[in-house]
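Coordinate analysis (summary)
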Amino acid sequence: MKKSLHEDWIAVIIAFLTIALVCLGLKPALPKFSAWADGAGFWAQIGNASLLMHTGILFIWVLGCLVLARFLAGNAQPVKLAISLLGIVVISLAAQLITSNKFFKDLGIEVVLFSLLLGLLINNVLGVPGWLKPAIQTELYIKIGLVLLGANVLFQEIINAGGLGIVQSVVVVFAVWYFTFWLTKRLGLDDEFRMMISSAVSICGVSAAIATSGAIEGDNKKLSHVISLVLIVAIPMMLFMPYIAIWAGMTPAVAGAWLGGTIDTSGAVVAAGTLLGDEALKYATLVKFSQNVLLGLAAFFISVYWTVTKKEVSADQKPGLKTIWERFPKFVLGFVLASLLFSFALPADVVSGAKGSLKELQTYWFALAFTCIGLETKFTDIFKMENGRPAIAFIIAQLFNIFFTLVMAYLVFGRQ
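Residues numbered from 1 in each chain as written. Predicted model: local features only at pLDDT ≥ 70, side-chain atom pairs only at ≥ 80, totals over all residues. Heavy atoms only, no water.

Our focus in this paragraph is the overall build of the chain. Scanning the chain from terminus to terminus reveals 20 helices and zero strands. Burial statistics for the chain: of 416 residues in total, 55% are counted as buried. Within the chain, contacts between residues at least 6 apart in sequence are counted, and of these 82% link residues at least 24 apart. (Helix = DSSP H or I, 4+ residues; strand = E, 2+ residues; numbered from the N terminus. Buried < 20%, exposed > 50% of the residue type's maximum accessible area, 1.4 Å probe, protein only. Contact = heavy atoms within 4.5 Å.)

Glancing now at the nonpolar core. By size, the foremost hydrophobic cluster in this structure holds 133 residues, and its most contacted members are Tyr 141, Ile 227, Trp 258, Phe 370 and Phe 413. Top element by residues in this core is helix 18 (residues 348–376). It accounts for 14 residues. When residues no more than four places from it in sequence are discounted, the contact partners of Phe 370 are Val 112, Ser 115, Leu 116, Val 206, Ile 227 and Leu 231. (Core = buried A, V, L, I, M, F, W, Y, C linked by side-chain atoms within 4.5 Å.)

In a regular helix each residue adds 1.5 Å, so 14 residues correspond to 20 Å; helix 10 (residues 191–204) covers 19 Å between its end C-alpha atoms and thus fits that length. The element helix 10 is extensively covered by neighbouring structure, given that 13 of its 14 residues are classed as buried. Two or three places before Glu 192, at the start of helix 10, stands the capping residue Asp 190, its side-chain oxygen 3.1 Å from that residue's backbone nitrogen. (Expected span 1.5 Å × (residues − 1). Polar contact = N/O pair within 3.5 Å; in protein donor to acceptor, adjacent residues only side chain to side chain.)

The subject of this paragraph is the confidence of the model for the chain. Per-residue confidence for the chain gives a mean pLDDT of 80; residues scoring 70 or more make up 85%. With pLDDT under 50 throughout, residues 1–5 is counted as low confidence; its partners more than four residues away or in other chains account for 15 contacts. (pLDDT = per-residue confidence, 0-100.)

This is the structure in structure tokens:
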């Protein structure tokens, strides 16, 4: 199924309505779990009186957004959506409960990983019942979350930290992207896979894969496959790279820049950077945010490239700005506008007061999205799709990314 630009606009509308409500002071109290380590702690979480109320708030908030989205798309089914969404919310909260276990919390594992794994478990072992399917709206959830992510990517924070992170990010993104694009061609992957994998490895993982898929109107199954690879590969990188940095005697600046430039999810970057201390975490966040800023530019250039070179256009046709605009993923535009709004337009007190709530909402949208990805994906497909060539390409490209980014981190931050 091809992506709909109409859905892109719906995601932007819902995200900016959310931003407006939060900035005006309507900050929903969302369910949270404290760290627990044993059975008593587990049942204490379940028996928390406020949990049910906060879960209800989350459910009503998401259901309202989903009903609005269906209404704007001309296909509202509130009863079926409510029943289905309740199941997806429960699965996502179960993932959050698992993530809050002290063992996993100390490792810094993100809720989206367990959301994906629980979804995969249900789909591959039990099967997805029909009543659970209406609210499986993976792309809509991710697009809303990505626009909200823009509110936490502030240009001032990157500029104040210096231009070195931007220098490293630009060089790494271009070099890794072109290497991956060449590698995937050598392995015989089609152009859609080549674009998505190249962007996911080089820029910022899931976000880049989604933006690229929107720009080229990519296949949803291929996109889900790439997202699964990103999450699965990010876990061992997050766990082992900090200890490799310690073993190699890297300075905090070099180690942080290395982590931020290679690990593909922001949460995993923060978790890995935290293991190395505050200074390393600062540089890791700087480089990762610099890559996030490049997301909008990358989506634009990919839109132009794909429009000009796509096979559907005959030789005597010259695609113009209208075609490029039609292919450009509008939720990326929303991401950029949200970042500009919070970076330059809103008062500092409004920004500081709203960022936390928007970050929580963004996390929940992503958790719901990855639950849906799991519910739509057969685990065996991750390794069997196209005889495993996408997985092989992704792993080889990520290894190149690890070594190339390490060299750049030493060149750029070696004297810090």
